[in-house]
Amino acid sequence: MNAVPLLRCRGLEAGYGASRVLFGLDFDIRPGEVVALLGRNGMGKSTTIKTLVGGLRPQYGEILFDGRPIHAARADHIARLGVAIVPEGRQCFPNLTVREHLVAFAARRNGAAEPWTLARLYGLFPRLAERAGHMGNQLSGGEQQMLAIARALSTNPRLLILDEATEGLAPVIRDEIWRCLALLKAQGQTTLVVDKYVEKLLPLADRALILERGRIAWQGSSAALDARRELWSRYLGV
Amino acid sequence: MSHPVSDPPRLSVSAAGGRPRQPLAVRFPGFARRLPWLVLASLALFPLLAPALGLEYYVGFVRRLLIVAIAASSLNFILGYGGMAALGHAGFIGVGAYAVVALVEAGFSSAWLAWGAALAVAGVFAALIGAVSLRTRGVYFIMITLAFAQMLYYLAVSLRTYGGDDGYGLYTPLRLGAWLDGAHPDVFYWVVLAIAALVFAGFSRVAHSRYGHALRGIRDNETRMVALGYPVYRLKLAGFVAAGAVAGLAGGLLASHNAFVSPSMMHWTQSALLLVMVMLGGLGRRWGAPLGVALWLTLEEVLKMHTDYWHWPLGMLLLLVVFHAPQGLAALFERRGGQEGVR
């Protein structure tokens, strides 16, 4: 695995107005890695993601993406560099069909050797091919989640961020999402995942970060976290 | 940890059971495909048939209708597809009309040059106004576009060279070119029809291109579009400039049609009327603008013959549409989106 980080955060501090949420986060994500960002509600996971994708300007610290500083960049610029997010709540467009979702945002960028074409996306999510002509609001929750992931992939991201991708889904659909994430990992997709289902996420992730009140309380390999169940109850409430 | 709750599947209208009323385009797809060509052919033949039917007067009426439909289509493009609720679109129509006046006053008489100038000058104004206005959203965007249009209105009122408040008469018709001038009394009608057809086809094509999808995405969720890497401001500005330029072209054509230009054509009530016609036809619908314009102007024409209080029935019609067909009249005809659903 390449040791040069794709994403590097140093001393990252962010918040909303006078209220600080993140306090000096230091972490790296290397190419091809799947990193789990864990923590109970309100510990700063969503704020971290928001800061990474340019939705929130950090108050201190720096974020480097492929060696380039992005902490002052606009969200659309960061996205064009190759950071794609599957947002919490999916946020599919109600007035675009499934096919339009996947065609409209497709981008031949980031020098992807094997770009995500429509056929490849349908191959990953055959259900979307069956529903190609349906509008974004005519899909079940699981289908919307698949669409949100496929939409992010259509931009050929170098770093894919999933925020609560399995939230509110039926177990069978969750398993389908996990299966797809495993496939993406096998294809070398660098991914940062926020999810509550730690027992499902850890076998998939290479490393894990645990946030506690805006600070990194623990980081290490998934195997190490799997072996230390006391951390689960202390920091994750599991 | 288990999480038993799952989102219920959201079924489309037809998948949910029952027998929903399908749009005509779904029930008769072959007819729907040919309909635009039938309409175009009927409109093209109308000046030839009108004398036999005693409808000569209505050739001019349909010409005006087509010109207003061009302007309404441009508004539909930014409002219906882009979600930009501009209340100053008549300002661009006026800019186009006054561009024609300025060229005529300067001694030019080519219609193509005048209409080209109307398109270009309105496009420049749209770029300047859009660059400022598109930094705002919602009600502020409505107010700022209205304010700019009113500034243009008062600017036109103050232009003494071009008649000020009294307006400016174009007493000599613009020249269309050696072989078109004098070929037929209604040649201007066919020129307008050709331009209208090109504008509709152009907007329709763009609205269903990747850019059009992006514009609809911006309308639905601007933040998400930014997160997907789209330069939202630039995309909106491009749409705004295109719509403003086409409205200017409509203004140039209207100046030729009326042989008269006055500041009243850019008053804010004209912008509101355009908005009402687009909403009546169907916002964000391919045929929404021409349908709304045709219905509104035809009813206006017919009702005026019978009563001085023709605003009343038109107002009632608008209320009925708002309550019973909030997606506009085009929604009754057009198929949009999924194999099963409607949007």
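These numbers come from a predicted model, not from an experiment. (Residues numbered from 1 in each chain as written. Chains lettered and ligands numbered in written order. Predicted model: local features only at pLDDT ≥ 70, side-chain atom pairs only at ≥ 80, totals over all residues. Heavy atoms only, no water.)

Caption draft 1: Focus on the overall build of chain A. Summing up its helical and strand segments, chain A has 10 helices and 10 strands in all. Taking 238 residues into account, the globule formula puts the C-alpha radius of gyration at 18 Å, and chain A, at 17 Å, falls close to it. Structurally, chain A occupies a C-alpha span of about 45 × 35 × 35 Å along its principal axes. Summed over its atoms, the accessible surface of chain A is roughly 9,000 Å², and 51% of this surface lies on carbon and sulfur atoms. The averaged location of the 23 negative side-chain charges in chain A is 3 Å from the averaged location of its 31 positive side-chain charges. (Helix = DSSP H or I, 4+ residues; strand = E, 2+ residues; numbered from the N terminus. Rg over C-alpha atoms; globule rule 2.2 N^0.38 Å. Areas by Shrake-Rupley, 256 points an atom, 1.4 Å probe, with all protein chains shown as cover. Lys, Arg positive; Asp, Glu negative; His and termini not counted. Charge placed at Lys NZ, Arg CZ, Asp CG, Glu CD.)

Caption draft 2: Just unusual backbone geometry, in detail. Residue and element names in this part refer to chain A. Despite not being glycine, Asp66 shows a phi value in the positive range, around 55°. With respect to the secondary-structure elements, Asp66 resides in the loop between strand S4 (60–65) and strand S5 (68–69). Look at Asn156: it is not a glycine, yet its phi comes out positive at around 50°. Mapping Asn156 onto the fold places it in the loop between helix H6 (141–153) and strand S7 (159–163). Judged by its relative accessible area of 4%, Asn156 falls in the buried class. (Buried < 20%, exposed > 50% of the residue type's maximum accessible area, 1.4 Å probe, protein only.)

Caption draft 3: Structural context of the environment of Val4 of chain A. Residues and elements named next belong to chain A. Here Val4 is to be found in the segment before strand S1 (7–16). On the accessibility criterion, Val4 (57% relative accessible area) is exposed. For Val4 and Arg30, which are 26 residues apart along the polypeptide, the C-alpha to C-alpha distance reads 6.2 Å. Beyond its immediate chain neighbours, meaning those up to four positions away, Val4 contacts Arg30 and Pro31. (Contact = heavy atoms within 4.5 Å.)

Caption draft 4: Main features of the sheet that holds S7 of chain A. Residue and element names in this part refer to chain A. Ordered by their spatial adjacency, 6 strands build an open sheet running S6-S7-S8-S3-S9-S10, and the pairing between neighbours is mixed. This sheet does not close on itself; its edge strands, each paired only once, are strand S6 (83–86) and strand S10 (215–221). Each neighbouring strand pair of the sheet contributes to a mean axis angle of 15°, computed without reference to strand direction. Relative to strand S9 (residues 207–212), strand S3 (residues 34–38) is paired through 4 bridges, and the arrangement is parallel. Considered in S9, the bridge of Leu38 is made with Ile210. Packing of helix H10 (residues 229–236) onto the sheet brings it into contact with S3, S9 and S10, and relative to S9 it is tilted by some 35°. (Pairing = 2+ DSSP bridges. Axes fitted to C-alpha atoms, helices over the stretch in contact; angles between N-to-C directions.)

Caption draft 5: Representation of the packing of helix H4 (residues 89–105) of chain B against helix H5 (residues 111–133) of chain B within the structure. All names here are of chain B. Close contact between H4 and H5 brings their axes to 8 Å; oriented N to C, the two are set at 135°. For the element pair H4 / H5, the angle class is oblique. As for how H4 packs across H5, the hand of that crossing is right-handed. Of the residues in H5, those in contact with Phe92, Val95, Gly96, Ala99, Val100 and Leu103 of H4 are Leu113, Ala114, Trp115, Ala117, Ala118, Val121, Ala122, Phe125, Ala126 and Ile129. (Parallel < 35°, antiparallel > 145°, perpendicular 65-115°, else oblique. Left-handed = near helix turned anticlockwise from the far one by under 90°.)

Caption draft 6: Examining the pairing of S1 of chain A more closely. All names here are of chain A. Where S1 and strand S2 (residues 19–29) come together, 7 bridges link them in antiparallel fashion. Bridging from a neighbouring strand, Leu12 pairs with Leu25 of S2. Two successive antiparallel strands, S1 and S2, enclose a turn made up of 2 residues, where Gly17 displays a positive phi of approximately 65°. Where S1 and S4 come together, 5 bridges link them in antiparallel fashion. Directly across from Arg8, in S4, lies its bridge partner Leu64.

Caption draft 7: Up close: the nonpolar core. Core analysis: the biggest nonpolar cluster contains 93 residues, and Trp115, Phe240 and Leu253 of chain B have the highest contact counts within it. A total of 16 residues in this core trace back to one element, the largest contributor, which is helix H3 (residues 57–81) of chain B. Leave out the neighbours within four places in its chain, and Leu253 of chain B touches Ile67, Ile70, Trp115, Phe188, Val192 and Ile195 of chain B. If you look at the next biggest cluster of nonpolar residues, it comprises 47 residues, including Val34, Ala84, Met146 and Leu225 of chain A. (Core = buried A, V, L, I, M, F, W, Y, C linked by side-chain atoms within 4.5 Å.)

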